[in-house]
Amino acid sequence: MSRSTVETEPGSEPPPPGDDHAFFGQPRGLLTLSGLEVWERFSFLGMQAILVLYFADTVAHGGMGMSSGTAASVSAAYGTLVYLVSVAGGWLADRMLGSYRAVLWGGILIACGHYSMAVPTATMTWVGLGLISAGTGLLKPNVATMVGKLYRTDDDRRDAGFALYYMAINIGAFAGPLITGWLGDHRGWHWGFSAAAVGMTFGLIQYVMGRRHLAGRKHAAEFALAPDAMRRAVLVIVLGILTAAVLATLLAVVGYLTMDRFVDLLTLISVIAPVVYFVVMFRSPRVTDEERGRLRPYIVFFLASTVFNFILFQAYSTMMLLAASNAETTILGYDFPASWYASALGAFEVALAPVVAALWVRMGHRQPHASNKIAIGVVLGGLSFLLMVLPTSGHSSDDYLMSAWWIVGSYFLLGLGDILLETSGMSATTKLAPAAFSSQTMSLWFLSLALANGIQAQTVKLYDDVSKPAYFGVNGAIAVAAGLAVMALAPWLRRTMHPVH
């Protein structure tokens, strides 16, 4: 067997002969998974680009009539729920469903959620968001796992394959807001949600049609529970979901479970979950002293990811609200919906990712340490907010309009920072995680995203109460300070991470 041939695992179906180099020298299955991610991101970020605007729009205009701060807070809480559920999604794939079926059922739930949101009622909006949260939790952590299974561990094409996969994500992130944003602006918000539903349906169709090209695809979970344990787990999950639904409904009916309290609860869980996760790893007898030593620097990276993503996720909340109310929607004579600004982020990442990758290849061993790449990413995230202090300052009223280039420039800094932090952070996660927890590294990374959204859900409540320069200035300054702190810790990080670079 050649070095680049996938080792077929027992119980899995081998891909057809000739698949191994069928897609730009990569396995044919990469096209299937990348195609799924294009449409999943198209639907998810296309919907998210207009979600906060839909929440904040008046009821008479088809919106939910929320204040700007509440709209941003609820949107952030939805993101918190998505990433918290993703932790469970990895476990369900490992123990019960298998990666292929987890992704399939996740995609079905996502599509059903978007179709539900296409129905113009508030009830169906909440039902849809619940289905999308559950579906994304099943799909998102397991697609990347399936990409990894296309390659042998020592396959030199692995990093290039993940680069193509990451580019597919950003193609979807670019295209989604363009379509949903135009429809939401010209035809109505629920038309935009319908486009997201159709996009996810396309993704599912090509995923099922291309399933035979997915090396390592199994009919059962890789570490499946024993039959008795499986039945007990299914019973506990079903009863748990039903109990939670009934309890939540009763508390809502009596007026105790308000939207604010639900947001606060999700924030609390997003704080507790990573603390518990780290405590379990540090105390686990399966973790060696050497691995425990490498967990300490990872905590720094985890917190850096939280700070950066706190800024990044506001590209779809407070920045969307600012663009809708105080930014011109004309560039070079062309008019566009405010939600199209979200596409700029995806466009910059598609354009900049290969440039950054080529730079690291050219620099070789002279490239910055992972800690410095992450630190620079966090600083760039902070600068993207500090930049917004300039156009929002010095106005006597809130009816001013800034040039579109201010927000475009902010998204450029944010996109470059995202490339630096995400690629280095994911790499560090896989290298620093203890062997006994290696299959749960994606869960750990998703917890930093959940925490970022949980914190955002609280801070964005201040968006209506403080001046725009103060809001963007304070948040941006905190992020820059966090990035500089990581830089200051670089000597200690290099020493404790050794030999990981």
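Quantities reported herein were computed from a predicted structural model and do not represent experimental measurements.

## Quick word on the overall build of the protein
A tally of helices and strands in the protein yields 17 helices and 2 strands. Within the protein, buried positions represent 52% of all 501 residues. Long-range pairs, those at least 24 residues apart, make up 82% of the contacts in the protein between residues at least 6 apart in sequence. With an accessible surface of roughly 21600 Å², the protein has 68% of that area assigned to carbon and sulfur atoms.

## Focus: helix α4 (residues 122-148)
End to end, α4 covers 40 Å across 27 residues, agreeing with the expected 39 Å (1.5 Å per residue, within 8%). Its axis deflected by about 30 degrees at T136, α4 carries its strongest bend there.

## Observations regarding the packing of aromatic side chains
By the definition in use, this model includes 16 aromatic pairs. Taking 5.4 Å as the distance between ring centres and 90 degrees as the angle between the ring planes, the aromatic pair formed by Y471 and F472 counts as edge-to-face. Taking relative accessible area as the criterion, F472 reaches 0% and is therefore assigned buried.

## Focus on the nonpolar core
Taken as a class, soluble globular proteins show a tendency for nonpolar side chains to be buried jointly. Within the largest apolar cluster, 91 residues are counted, with the highest numbers of intra-cluster contacts made by M47, F55, Y341, I407 and Y411. With residues up to four places along the chain from it excluded, the contact list for Y411 reads A315, M319, M320, Y341, A342, A344, L345 and F348. With 21 residues, the next largest nonpolar core counts Y100, L139, V143 and Y207 among its residues.

## Observations regarding helix α9 (residues 289-312)
Helix length check: α9 (24 residues) gives 35 Å between terminal C-alpha atoms against 34 Å at 1.5 Å per residue, within 8%. When the local axis directions of α9 are compared, the greatest deviation, roughly 30 degrees, occurs at P297. Counted residue by residue, α9 has 18 buried out of 24 residues, so it is predominantly covered.

## Focus: the packing of helix α2 (residues 68-97) against helix α3 (residues 99-117)
Relative orientation of the contacting elements α2 and α3 amounts to 125 degrees, with a least axis distance of 8 Å. Between α2 and α3, the angle is such that the two are oblique. The way α2 lies across α3 gives a crossing that is right-handed. The segment α2 lies against α3, with A93, M96 and L97 engaging S99, R101 and A102. Residues belonging to the contact of α2 with α3 are distributed by class as follows: 4 nonpolar, 1 polar and 1 charged.

## Comments concerning a nonpolar patch on the surface
Judged by side-chain polarity, W126, M259, F262, L265, L268, I269, V271, I272, V276 and V280 come together as a nonpolar surface patch covering roughly 800 Å² of accessible area. For the nonpolar patch, the element with the highest residue contribution is helix α8 (residues 259-283), accounting for 9 residues. Along the chain, I272 turns up in helix α8.

## A short note on the layout of surface pockets
By volume, the second largest pocket amounts to about 1600 Å³. Lining the second largest pocket are 40 residues; nearest its centre among them are L81, G130, I241, A244 and F262. Mapped onto the lining of the second largest pocket, the elements with two or more residues apiece are α2, α3, α4, α7 (227-253) and α8. Here the lining of the second largest pocket is built from residues that sort into 33 nonpolar, 7 polar and no charged.

## Quick word on the environment of M66
Of note, M66 is situated in the loop between α1 (28-56) and α2. Residue class for M66 comes out buried when judged on its relative accessible area of 16%. Between the alpha carbons of M66 and L53 there is a distance of 9.6 Å; along the sequence they are 13 residues apart. Discounting chain neighbours no more than four positions away, the residues touching M66 are F55, A56, D57, A71, V74 and W126.

## What about the environment of A370?
Along the chain, the position of A370 falls in helix α12 (residues 370-386). Classification of A370 as buried rests on a relative accessible area of 11%. Along the backbone, A370 and S424 are 54 residues apart, and their C-alpha atoms lie at a distance of 5.8 Å.

## Side note on the pattern of salt bridges
Close approach of charged atoms allows side chains of opposite charge to pair. Scanning the model with the defined rule gives 6 salt bridges in all. Of the charged contacts, one joins E37 and K140 as a salt bridge, the two residues approaching to 3.0 Å between their closest N and O atoms. You can see E37 sitting in helix α1 and its partner K140 sitting in helix α4, a full 103 residues away along the chain. On the basis of relative accessible area, E37 is assigned to the buried category, the value being 0%. Judged by relative accessible area, K140 falls into the buried class, the value being 14%. A salt bridge links E290 to R294; its shortest N-O distance comes to 3.1 Å. Here R294 and E290 lie together in helix α9, a separation of 4 residues that amounts to about one turn. With relative accessibility at 55%, the residue E290 sits in the exposed group. Classification of R294 by relative accessible area gives buried; the value is 15%.

## Digging into the packing of α9 against α12
Between α9 and α12, whose axes approach to 9 Å, the crossing angle comes to 25 degrees. Overall, the two elements α9 and α12 adopt an arrangement that is roughly parallel. Read as a crossing pair, α9 and α12 show a hand that is left-handed. Along its contact with α9, which presents F301, A304, V307, F308 and I311, the element α12 presents S371, I374, G377, V378, G381, S384 and F385. Within the contact of α9 with α12, the residues separate by chemical class into 8 nonpolar, 4 polar and no charged.

The rules behind the values
- Along each chain, residue indices are assigned from 1 in the same order as the chain's sequence is written.
- Under the rules for a predicted model, residues below a pLDDT of 70 receive no local features and side-chain atom pairs below 80 are neither given nor counted, while totals for whole chains, interfaces and linings still include all residues.
- For the side-chain quantities, the full set of heavy atoms in the structure was used; hydrogens and water were omitted.
- Starting at the N terminus, helices and strands are each numbered in turn, a helix being any DSSP run of H or I of at least four residues and a strand any DSSP run of E of at least two.
- Relative accessibility decides the category of a residue: with a 1.4 Å probe and only protein chains considered, values under 20% of the type maximum give buried, values over 50% give exposed, and everything between is partly exposed.
- Contacts: residue pairs with any heavy atoms within 4.5 Å of one another.
- Note that accessible areas follow from Shrake-Rupley with a 1.4 Å probe, and for residues the cover is restricted to the protein chains shown.
- Expected span of a helix: the number of residues minus one, times 1.5 Å.
- To get the bend at any residue, fit one axis to the seven residues that end at it and another to the seven that begin at it, then take the angle between the two axes.
- Two rings from Phe, Tyr or Trp (for Trp, the six-membered ring) form a pair when their centres are within 6.5 Å of each other. A pair whose planes differ by under 30 degrees is stacked, one over 60 is edge-to-face, and the rest are tilted.
- Here the nonpolar core consists of buried residues drawn from Ala, Val, Leu, Ile, Met, Phe, Trp, Tyr and Cys, with membership extended through side-chain atoms lying within 4.5 Å.
- What counts as an axis is a line fitted to C-alpha atoms, over the stretch in contact for a helix, and the angles between N-to-C directions run from 0 to 180 degrees.
- Oblique is the label for every angle not falling under 35 degrees (roughly parallel), over 145 degrees (roughly antiparallel), or within 65 to 115 degrees (roughly perpendicular).
- Throughout, a crossing is termed right-handed when the near helix is turned clockwise from the far one, and left-handed when it is turned anticlockwise from it by less than a right angle.
- Classes in brief: Ala, Val, Leu, Ile, Met, Phe, Trp, Tyr, Cys and Pro nonpolar; Asp, Glu, Lys and Arg charged; the others, Gly included, polar.
- For patches, a residue must show more than 30% relative accessible area and have no salt bridge; joins then use 9 Å for like charges and 5 Å for nonpolar side chains, namely Val, Leu, Ile, Met, Phe, Trp and Tyr.
- By convention in these notes, a salt bridge is any Lys or Arg side-chain nitrogen within 4 Å of a carboxyl oxygen on Asp or Glu.
- Each cavity reported here is a set of points on a 1 Å grid over the protein atoms alone in which a 1.4 Å probe fits but cannot get out, each pocket an open set with protein on both sides within 12 Å along at least five of seven lines, and each lining residue one with an atom within 4 Å of a point.
- Grid points are joined across faces, edges and corners, and a volume is the space filled by probe spheres set on the points.

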